[in-house]
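Secondary and tertiary structure notes
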Amino acid sequence: MARIHFVVKEPDKARYQNQARREQKSLGAWLREAAEEKLAAATRSGRFTLDDLKLFNAECDAREKGNQEPDWAEHKQTISGSKVRGLDVP
């Protein structure tokens, strides 16, 4: 196993240690995890494939199944009510 040493300001080190402690990890484990997350984010293409889009749509459909939007007349009534309640009438 190789070692990496780097210099950080004392307040930054304290912040890193505090967060690692909150996550019940050693500072070294926390830093390794942060480095892996940074590397993974940098290596993603940032582009969606057609399969990604289909999966996203399927997840959205599953989450919204059974939920229906209110009728347009109900929407208009809610909007009108909000306008009236929002007036600053003496």
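Residues numbered from 1 in each chain as written. Predicted model: local features only at pLDDT ≥ 70, side-chain atom pairs only at ≥ 80, totals over all residues. Heavy atoms only, no water.

Remarks on the overall build of the protein
Counting its regular elements, the protein contains four helices and zero strands. Starting at the N terminus and walking to the C terminus, you meet the elements of the protein as α-α-α-α. Rg of the C-alpha trace for the protein: 25 Å, well past the compact-globule value of 12 Å for 90 residues, more than 25% over. For the protein, the proportion of its 90 residues judged to be buried stands at 4%. For the protein, the computed accessible surface area is about 9000 Å², with 55% contributed by carbon and sulfur atoms. In the protein, which carries 17 positive and 15 negative side-chain charges, the distance between the mean positions of the two groups comes to 8 Å. (Helix = DSSP H or I, 4+ residues; strand = E, 2+ residues; numbered from the N terminus. Rg over C-alpha atoms; globule rule 2.2 N^0.38 Å. Buried < 20%, exposed > 50% of the residue type's maximum accessible area, 1.4 Å probe, protein only. Areas by Shrake-Rupley, 256 points an atom, 1.4 Å probe, with all protein chains shown as cover. Lys, Arg positive; Asp, Glu negative; His and termini not counted. Charge placed at Lys NZ, Arg CZ, Asp CG, Glu CD.)

Some remarks on helix H4 (residues 72-85)
A rise of 1.5 Å per residue sets the reference length of H4, with its 14 residues, at 20 Å; its end C-alpha atoms lie 20 Å apart and thus fit the reference within 8%. Put simply, Asp 71 is the residue that caps the front of H4, since its side-chain oxygen is 3.0 Å from the backbone nitrogen of Ala 73. (Expected span 1.5 Å × (residues − 1). Polar contact = N/O pair within 3.5 Å; in protein donor to acceptor, adjacent residues only side chain to side chain.)

Concerning the packing of helix H1 (residues 10-22) against helix H2 (residues 27-43)
Running from amino to carboxyl end, H1 crosses H2 at an angle of 95°, the nearest separation of the two axes being 9 Å. Relative to H2, H1 is oriented roughly perpendicular. Here H1 contributes Lys 13, Tyr 16, Gln 17, Gln 19 and Ala 20 to the contact with H2, which in turn contributes Leu 27, Trp 30 and Leu 31. Grouping the amino acids of the contact of H1 with H2 by side-chain chemistry returns five nonpolar, two polar and one charged. (Axes fitted to C-alpha atoms, helices over the stretch in contact; angles between N-to-C directions. Parallel < 35°, antiparallel > 145°, perpendicular 65-115°, else oblique. Contact = heavy atoms within 4.5 Å. Nonpolar A, V, L, I, M, F, W, Y, C, P; charged D, E, K, R; others polar.)

Things to note about the confidence of the model for the protein
Counting all residues, the mean pLDDT for the protein is 87, and 97% of those residues have values of 70 or more. No element of the protein has a lower mean pLDDT than H4, at 85, and none a higher one than H1, at 95. (pLDDT = per-residue confidence, 0-100.)

Some remarks on the environment of Ser 26
Examined against the element boundaries, Ser 26 turns out to sit in the loop between H1 and H2. According to the relative accessible area criterion, Ser 26 is partly exposed, its value standing at 43%. The sequence separation of Ser 26 and Ala 58 amounts to 32 residues, and the corresponding C-alpha distance is 39 Å. For Ser 26, the side chain forms a polar contact with the main-chain nitrogen of Ala 29, separated by 3.0 Å.

Some details on the pattern of salt bridges
Overall, the coordinates contain three salt bridges when judged by the stated rule. A salt bridge links Arg 15 to Asp 12; the nearest nitrogen and oxygen atoms lie 3.0 Å apart. Taken as a pair, Arg 15 and Asp 12 lie in helix H1 at a separation of three residues, close to a single helical turn. On the basis of relative accessible area, Asp 12 is assigned to the partly exposed category, the value being 24%. Here Glu 23 ties to Lys 25 by a salt bridge, and the two come within 3.3 Å at their closest N and O atoms. (Salt bridge = Lys/Arg side-chain N within 4 Å of Asp/Glu carboxyl O.)

A word on a nonpolar patch on the surface
Taken together, Ile 4, Phe 6 and Val 8 make up a surface patch of nonpolar side chains, about 330 Å² in accessible area. Counting through the fold element by element, Val 8 comes out in the segment before H1. (Patch = residues over 30% accessible without salt bridge, like charges linked within 9 Å, V, L, I, M, F, W, Y side chains within 5 Å.)

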